[in-house]
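# Structural features, examined
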Amino acid sequence: MRGQGSRAGGRKLICPKHTTTKQFLVILVSILLASSAKASTVESKKTTENDRDVVNLEKIGANYWQKGATTQAIAAWKQEAEVYRLQGKGKEFAETNLKIAQGYINLGQINLAQIELEKIISTSKQPSLIARAWKQLGNAYSRNVEFDEAEQAYTKSLEIKKELPTLNNLVIFLQKQ
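Residues numbered from 1 in each chain as written. Predicted model: local features only at pLDDT ≥ 70, side-chain atom pairs only at ≥ 80, totals over all residues. Heavy atoms only, no water.

## Overview of the overall build of the protein
Our working rule: Working definition: helices are DSSP H or I runs of at least four residues, strands are E runs of at least two. Numbering for both runs from the N terminus. We call a residue buried when its accessible area falls under 20% of the maximum for its residue type, exposed when it is over 50%, and partly exposed in between, using a 1.4 Å probe and counting protein chains only. In what follows, residue pairs with any heavy atoms lying within 4.5 Å of each other are defined as contacts.
When helices and strands are tallied, the protein shows seven helices and two strands. When the helices and strands of the protein are listed from N to C terminus, the series reads β-β-α-α-α-α-α-α-α. Among the 177 residues that make up the protein, the fraction classed as buried is 29%. Sequence separation of 24 or more characterises 36% of the internal contacts of the protein that already satisfy a separation of 6 or more.

Structure (structure tokens):
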């Protein structure tokens, strides 16, 4: 093979006369590994940029929220949620949808909040997030004067995760009836 050419990926590779086949293969593998590492670095930079974009969207949403610009906060959080969905980050996607739902509740758009929360309940694999979604859904139902549904949502939240704030919401809710 020394001094002769061989084809690899449509290119003719030339092994110099003074290089053995073994040396040539070691050089070739080194080149392939170096180009693979370079591709990995490029992919890593893309991931870092995506993470930076998500952090920026989260901060933008939080800033709007603090200023009382709920509609703009929701818009930023929807973009953030979409990035998480595309990245397959279910926990972050669900947490962002909880923020979106709270925004809808604050705007009095209870039906939109219910849609966001039901999305979390049906897709999340995290019991704590599902419990939070049920609790928030109970708040939404209560605000929408759907008391039977609110009681059921609070109860489901407590079945998943026993926590004092949810129990407190249920007690207050039951006292009002």
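## Considering the packing of aromatic side chains
What counts, and what does not: Ring pairs are drawn from Phe, Tyr and Trp, using the six-membered ring of Trp, whenever the two centres fall within 6.5 Å, and their geometry is named by plane angle: stacked under 30 degrees, edge-to-face over 60, tilted for the rest.
Across all of its chains, the model carries one aromatic pair by this definition. Here tryptophan 65 and tryptophan 77 contribute two aromatic rings whose centre-to-centre distance is 5.5 Å and whose plane-to-plane angle is 45°, an arrangement assigned as tilted. Taken as a pair, tryptophan 65 in helix H1 (residues 21-66) and tryptophan 77 in helix H2 (residues 70-87) lie far apart in primary sequence, 12 residues in all.

## Digging into the pattern of salt bridges
This is how the line gets drawn: We define a salt bridge as a side-chain nitrogen of Lys or Arg found within 4 Å of a carboxyl oxygen belonging to Asp or Glu.
Counting across every chain of the model gives four salt bridges. Lysine 99 is paired through a salt bridge with glutamate 80; the nearest N and O atoms lie 3.5 Å apart. Of this pair, lysine 99 sits in helix H3 (residues 90-107) while glutamate 80 sits in helix H2, and the two are 19 residues apart along the sequence. Judged by its relative accessible area of 24%, lysine 99 falls in the partly exposed class. In this structure glutamate 80 comes out as buried when scored by relative accessible area, which is 2%. If you follow the salt bridges from partner to partner, you end up with Glu58, Glu80 and Lys99 in one network.

## Describing the environment of arginine 132
Along the chain, arginine 132 falls in helix H5 (residues 127-143). Judged by relative accessible area, arginine 132 falls into the partly exposed class, the value being 39%. Between the C-alpha atom of arginine 132 and that of leucine 158, which follows or precedes it by 26 residues, the distance is 9.5 Å. Beyond its immediate sequence surroundings of up to four residues, arginine 132 is in contact with Glu95 and Leu98.

## Description of the nonpolar core
Note the following rule: Residues enter a nonpolar core if they are buried and are Ala, Val, Leu, Ile, Met, Phe, Trp, Tyr or Cys, with the set joined through side-chain atoms within 4.5 Å.
Leu98, Ile100, Leu117, Ile120 and Leu137 are the most contacted members of the largest nonpolar core, which totals 26 residues. When contributions to this core are tallied by element, the ones reaching two or more residues are H2, H3, helix H4 (110-123), H5 and helix H6 (147-160). In this structure, isoleucine 120 is in contact with Ala94, Asn97, Leu98, Leu129, Ile130 and Ala133, ignoring residues within four places of it in sequence.

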